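Coordinates in review
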Amino acid sequence: MTLSIEHLSSGYDVAPLVDQLARNPDVWDRYTLRTKGYEATPHKSVSDIWVRFRAWSEFDGDAAKFANTAHESVWYPVIHQIPTAWSLARRVVRDVGGGKLGGVLITRVPAGGEVKPHVDQGWHAGHYEKFAVQVKGNAKQAFCFEDRKLSAMPGDLYTFDNSRCHWVTNGSDEERITLIICVRRHEH
Ligand SMILES: [Fe+2]
């Protein structure tokens, strides 16, 4: 892909996921390697849900190795509490032309929060294309790159290149929630 971030379509029904998240506040931050795992993390103010990723049984204490060496992804048990994340992810894979599903992550940037500028590196980041469905958010939040930014509205699907420097701002009074879906497409 040539653009750093690109809106693809709109109209995904995210209301059921919003509802499932609201009814299950315990689903957040069960795994904090990404958000609290190291001092310089750009995701310090972020909460997340690992919906699908490398099996936790393969974690041996080495956080870098866990994300940065080749692996298969599996659904995490949380999927039973928020099954709509599963159906949305499958729909996105189909809508982008099919392929192999990698990690699925839900991130939450609180009102007034941010993700600091960073580049995502390692095996998983490089192996899959990144797609996202906006779950919550408004015009006062943005996913930013040096050359362009996107204020995605709930139900929007977009793709982004996280090998380039990116950051997130949320200057609004509402939390910003995103479902990130990693896909290795057949034709790419
Ligand atoms: Fe990132």
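Okay, so let's go over this structure. Keep in mind that what you see is a predicted model, and the values were worked out from it rather than measured.

Calculation notes
- Residues numbered from 1 in each chain as written.
- Predicted model: local features only at pLDDT ≥ 70, side-chain atom pairs only at ≥ 80, totals over all residues.
- Heavy atoms only, no water.
- Helix = DSSP H or I, 4+ residues; strand = E, 2+ residues; numbered from the N terminus.
- Contact = heavy atoms within 4.5 Å.
- Areas by Shrake-Rupley, 256 points an atom, 1.4 Å probe, with all protein chains shown as cover.
- Lys, Arg positive; Asp, Glu negative; His and termini not counted.
- Charge placed at Lys NZ, Arg CZ, Asp CG, Glu CD.
- Pairing = 2+ DSSP bridges.
- Phe/Tyr/Trp six-rings, centres within 6.5 Å; stacked < 30°, edge-to-face > 60°.
- Buried < 20%, exposed > 50% of the residue type's maximum accessible area, 1.4 Å probe, protein only.
- Lys NZ or Arg CZ within 6 Å of the ring centre and 35° of its normal.

Considerations on the overall build of the chain
Within the chain, the secondary structure is distributed over 4 helices and 11 strands. Taken over the C-alpha atoms alone, the chain extends approximately 40 × 40 × 35 Å along its principal axes. Looking at the chain alone, contacts between residues at least 24 apart form 71% of all its contacts between residues at least 6 apart. Of the roughly 8,900 Å² that the chain leaves accessible, carbon and sulfur atoms contribute 52%. Taking the average location of the 23 positive side-chain charges in the chain and that of its 23 negative ones, the two points are 2 Å from each other.

A short note on the sheet that holds strand 1 (residues 5–9)
Sheet strands pair by backbone hydrogen bonding; their relative direction is either parallel or antiparallel. Spatial strand order, 1-9-6-11-4-2-3: 7 strands in an open sheet with antiparallel pairing. Each edge of the sheet is formed by a strand with only one pairing partner; in this case those strands are strand 1 and strand 3 (74–75). Two strands pair when backbone bridges link them, and strand 6 (residues 129–136) and strand 9 (residues 157–160) are joined in this way by 4 bridges, in the antiparallel orientation. By the bridge assignment for strand 9, Lys130 is matched with Phe160.

What to know about the packing of aromatic side chains
The relation between two aromatic rings is expressed through the spacing of the ring centres and the mutual angle of the planes. One pass over the structure, following the stated rule, counts 16 aromatic pairs. Aromatic side chains Phe143 and Phe145 sit 5.5 Å apart centroid to centroid with 10° between the ring planes, which places their arrangement in the stacked category. Note on accessibility: Phe143 and Phe145 belong to one class, buried. Three or more aromatic residues joined by ring pairs make a cluster, and in this case those are Tyr31, Trp50, Phe53, Trp56, Phe59, Phe66 and Tyr76. In this structure, Arg52 is placed above the aromatic ring of Trp75, and the distance from its NZ or CZ to the ring centre is 5.0 Å. Lying across the ring of Trp28, Arg108 places its NZ or CZ 4.0 Å from the centre.

Things to note about the pairing of strand 9
The two faces of strand 9 match: Leu157 and Thr159 on one face and Tyr158 and Phe160 on the other face are all buried. Here strand 1 runs beside strand 9; their pairing, made up of 4 bridges, is antiparallel. Opposite Ser9, over in strand 9, you have Leu157 as the bridge partner.

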